[in-house]
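Understanding the architecture of this molecule
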Amino acid sequence: MRYHIAAFAIAALLIGSVLAACGQDVAQGEKLATGPCVQCHSNLVTCSNLDKNLNYWENTVNRMVKKGMDISDQEQEAVVEYLSGLEPGSSPICD
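What you see is a predicted model; the values in this text were computed from it and never measured. Note on numbering: residues in each chain are counted from 1, in written sequence order. For a predicted model such as this one, the threshold for reporting local features is a pLDDT of at least 70, and the threshold for listing and counting side-chain atom pairs is 80 or more; totals across whole chains, interfaces and linings nevertheless cover every residue. Side-chain calculation: all heavy atoms of the structure are included, whereas hydrogens and water are not.

Structural notes on the overall build of the protein chain
Put simply, the rule reads: Counting from the N terminus, the helices are DSSP H or I runs at least four residues long and the strands are E runs at least two residues long. We call a residue buried when its accessible area falls under 20% of the maximum for its residue type, exposed when it is over 50%, and partly exposed in between, using a 1.4 Å probe and counting protein chains only. Using a 1.4 Å probe, the Shrake-Rupley method yields the accessible areas, and only the shown protein chains count as cover for residues.
Broken down by element type, the protein chain carries four helices and zero strands. Taken from the N to the C terminus, the helices and strands of the protein chain come in the order α-α-α-α. For the protein chain, the residues scored as buried account for 25% of the 95 residues in total. Of the roughly 6,600 Å² of accessible surface on the protein chain, 59% is carried by carbon and sulfur atoms.

This is how it looks when you write it as structure tokens:
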């Protein structure tokens, strides 16, 4: 019985850690998409492309970094994941 409780506790910790990490990526991706991205253009540009795939967003973010957007590799991944996961018309990008 103790082993079952210990196994359950470990599983809960692992699942909680994964969910927290996913939530942080979404929050970080949203923060970046509504922060550094809009220093040079409005969210309407981003909103009009929310139907694009992961490859499109990887190329776009790489192009923006080459133009001077100062974000880390981890931040680039977070914003790409965030934007590629949004549906057209999604808040807060399209508000």
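With respect to the packing of aromatic side chains
Ring pairs (aromatic) are described by centroid distance and by the angle formed between their planes. Convention followed: A pair of aromatic rings is counted whenever rings of Phe, Tyr or Trp (Trp by its six-membered ring) have centres within 6.5 Å, and the orientation is called stacked for planes under 30 degrees apart, edge-to-face for over 60 and tilted otherwise. Here, a charge over a ring means that NZ of Lys or CZ of Arg falls within 6 Å of the ring centre while also lying within 35 degrees of the ring normal.
All chains considered together, the criterion is met by one aromatic pair. One cation-aromatic arrangement involves K52 over Y56; the distance from NZ or CZ to the ring centre is 5.8 Å.

Topic: helix 4 (residues 73–84)
This is how it is decided: The span you would expect from a helix comes to 1.5 Å times its residue count less one.
Taking 1.5 Å of rise per residue, twelve residues should cover 16 Å, and helix 4 covers 16 Å from first to last C-alpha, within 8% of that figure. Of the residues making up helix 4, those classed as buried are Q76, A78, V79, V80, Y82 and L83.

What to know about the packing of helix 3 (residues 54–66) against helix 4
What describes two packed helices is the angle between their axes and the distance between those same axes. The condition is simple: Every axis corresponds to a line fitted to the C-alpha atoms, with the helix fit spanning only the stretch in contact, and the corresponding angles, defined between N-to-C directions, vary from 0 to 180 degrees. Here roughly perpendicular refers to angles of 65 to 115 degrees, roughly parallel to angles under 35, roughly antiparallel to angles over 145, and oblique to all remaining angles. We call a crossing left-handed when the near helix sits turned anticlockwise from the far one by less than a right angle, and right-handed when that turn is clockwise. Contacts: residue pairs with any heavy atoms within 4.5 Å of one another. Polar here means any residue outside two lists: the nonpolar Ala, Val, Leu, Ile, Met, Phe, Trp, Tyr, Cys and Pro, and the charged Asp, Glu, Lys and Arg; Gly therefore counts as polar.
Close contact between helix 3 and helix 4 brings their axes to 9 Å; oriented N to C, the two are set at 140°. Taken together, the axis directions place helix 3 and helix 4 in an arrangement best described as oblique. Note that helix 3 runs across helix 4; the crossing there is right-handed. Here L54, W57, E58, V61, N62 and V65 of helix 3 come into contact with helix 4, specifically with Q76, V79, V80, E81, L83 and S84. Looking at the contact of helix 3 with helix 4 residue by residue, the class counts come to seven nonpolar, three polar and two charged.

A short note on unusual backbone geometry
A cis amide bond links S91 to the next residue, P92, at an omega of -5°. Position of P92 relative to the elements: it lies in the segment after helix 4.

Thoughts on the state of the cysteines
Here is the rule: The term disulfide is used for any two cysteine sulfur atoms that are within 2.5 Å.
Tallied over the entire structure, the rule returns one disulfide. Linked covalently through their sulfurs, C47 and C94 form a disulfide whose S-S length is 2.0 Å. Its S-S torsion of about 110° marks the bond between C47 and C94 as right-handed, since a negative value means left-handed. With a gap of 47 residues between them, C47 in helix 2 (residues 43–47) and C94 in the segment after helix 4 connect regions that are remote in the sequence. Neither residue differs from the other here; C47 and C94 are each classed as buried. You can see C37 has no disulfide; the closest cysteine sulfur is in C40, sitting 9.0 Å from it. We classify C37 as buried; its relative accessible area is 13%.

Treat this as a map of the structure, not an account of what it does.
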